[in-house]
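Observations on the model geometry
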Amino acid sequence: MSKEELKRAAAAQALAYVENGMQLGLGTGSTAKHFVELLGERVRDGLRVIGVPTSEVTRADAERCGVPLTTLDEIDHLDLTVDGADEIDPSLNLIKGGGGALLREKIVAAASARMVVISDDSKWVDTLGRFPLPVEVIPFGLGATRHALAAAFAQAGVGGEISLRQGKDGHAFVTDGGHWIVDAHLGRIPDPPRLASLLSAIPGVVEHGLFIGLAKTVILAGSQGLRIVD
Ligand code: 5RP
């Protein structure tokens, strides 16, 4: 199976968690896009759900697929969020934000009774950190924020390059919230919860891509089939 087929298989399995009448968080990325497309097929067959997209890209995909949408202003909680991830460890801690949607993804996941992560099995790691950790920052005071980030990484015993993410136009990548993203090349994060608290304490950090204790279930698709971890 190709990687795309594996992602689609994980997304298809996640439909088993969807029930009529549910309020759903819709993730961002190529794997979550498969889920939105498959959900759209079920909606056309009569399934009644309403979704909150985690990005403008997912909003457009969901509209194209006919999935009814709402916002977390109109409703205040969700039954289930289905989203992808960049890395997943055995405690179900995640790195997310490769697609730049980590802020809305975390708000939506935190508002959900359950978060199901869908992925091909290449994202499963013993220790988080090989994937550069995305940190969403306010453009104002970037130098000071980078300095504070480096200090937090030193305190957490991790180190590495911090780079400002570039968009396709060669300028800073701008998130749906109007912020920038720095990617921290850490290699290994031995204590993700500790690093998460250190990053959350930095004033210029809007949010970081460590998702601690949010994922309840992971569906991994590999060449041997599907593996469900929860
Ligand atoms: C976007 C994300 C994505 O879920 C993550 O990057 C995985 O994407 P893909 O399914 O394309 O590999 O966190 O911000």
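See above for the structure.
Residues numbered from 1 in each chain as written. Predicted model: local features only at pLDDT ≥ 70, side-chain atom pairs only at ≥ 80, totals over all residues. Heavy atoms only, no water.

Moving on, we come to the site of the ligand. If you check the shell around the ligand, you find 16 residues, and the closest are S30, T31, D86, K96 and K123. Separating an oxygen atom of the ligand from a side-chain N or O atom of E105 is a distance of 3.0 Å. For the ligand, whose accessible area on its own is 380 Å², the fraction buried by protein is 90%. Here the shell around the ligand is composed, by residue class, of two nonpolar, nine polar and five charged. (Near = heavy atom within 4 Å. Polar contact = N/O pair within 3.5 Å; in protein donor to acceptor, adjacent residues only side chain to side chain. Areas by Shrake-Rupley, 256 points an atom, 1.4 Å probe, with all protein chains shown as cover. Nonpolar A, V, L, I, M, F, W, Y, C, P; charged D, E, K, R; others polar.)

Moving on, we come to unusual backbone geometry. Of note, L92 is a non-glycine position whose phi angle comes to about 65°, a positive value. Mapped onto the elements, L92 comes out in the loop between β4 (87–88) and β5 (94–95). Here L92 falls in the buried class, since its relative accessible area comes to 7%. (Helix = DSSP H or I, 4+ residues; strand = E, 2+ residues; numbered from the N terminus. Buried < 20%, exposed > 50% of the residue type's maximum accessible area, 1.4 Å probe, protein only.)

What follows covers the pattern of salt bridges. Throughout the structure, instances matching the rule amount to 13 salt bridges. Across the salt bridge formed by D61 and R64, the nearest N and O atoms sit 3.3 Å from each other. Within this pair, D61 and its partner R64 are both found in helix α3 (residues 56–65), separated by three residues, close to a single helical turn. By relative accessible area, R64 is classed as exposed at 53%. Across the salt bridge formed by D83 and K96, the nearest N and O atoms sit 3.1 Å from each other. Of this pair, D83 sits in strand β3 (residues 80–83) while K96 sits in the loop between β5 and α4 (102–110); the two residues are 13 residues apart in sequence, bridging distant segments of the chain. On the basis of relative accessibility, which here comes to 1%, the residue D83 falls in the buried class. Salt bridges here are not isolated pairs; linked through shared partners, they connect R8, E37, E41, D61 and R64. (Salt bridge = Lys/Arg side-chain N within 4 Å of Asp/Glu carboxyl O.)

Another point: the side chain of R165. Its place among the elements puts R165 in the loop between β8 (162–164) and β9 (180–184). Note on R165: relative accessible area 13%, which makes it buried. Apart from the residues lying within four places of it in its own chain, the contact partners of R165 are G97, G98, G99, G100, P134, H171, A172, F173, I181, V182 and D183. (Contact = heavy atoms within 4.5 Å.)

Right, let's talk about the packing of helix α2 (residues 30–44) against α3 for a bit. Contact pair α2 / α3: the axes reach a minimum separation of 9 Å and the direction vectors enclose 25°. Regarding the angle of α2 to α3, the classification is roughly parallel. Considering only the axes of α2 and α3, their crossing is right-handed. Only T58, D61, A62, R64 and C65 of α3 make contact with α2, whose side of the interface consists of K33, V36, E37, G40 and R44. The class makeup of the residues in the contact of α2 with α3 is three nonpolar, two polar and five charged. (Axes fitted to C-alpha atoms, helices over the stretch in contact; angles between N-to-C directions. Parallel < 35°, antiparallel > 145°, perpendicular 65-115°, else oblique. Left-handed = near helix turned anticlockwise from the far one by under 90°.)

This part takes up the sheet that holds β5. Strands belonging to one sheet form pairs held by backbone hydrogen bonds; the direction of such a pair is parallel or antiparallel. Spatial strand order, β4-β5-β11: three strands in an open sheet with antiparallel pairing. The open sheet is flanked by β4 and β11 (210–211), the only strands paired with a single partner. (Pairing = 2+ DSSP bridges.)

Before going further, it helps to spend a moment on the side chain of D120. Along the chain, D120 turns up in strand β6 (residues 115–120). Engagement of the side chain of D120 in a polar contact is seen with the side chain of S122, the distance being 2.3 Å.

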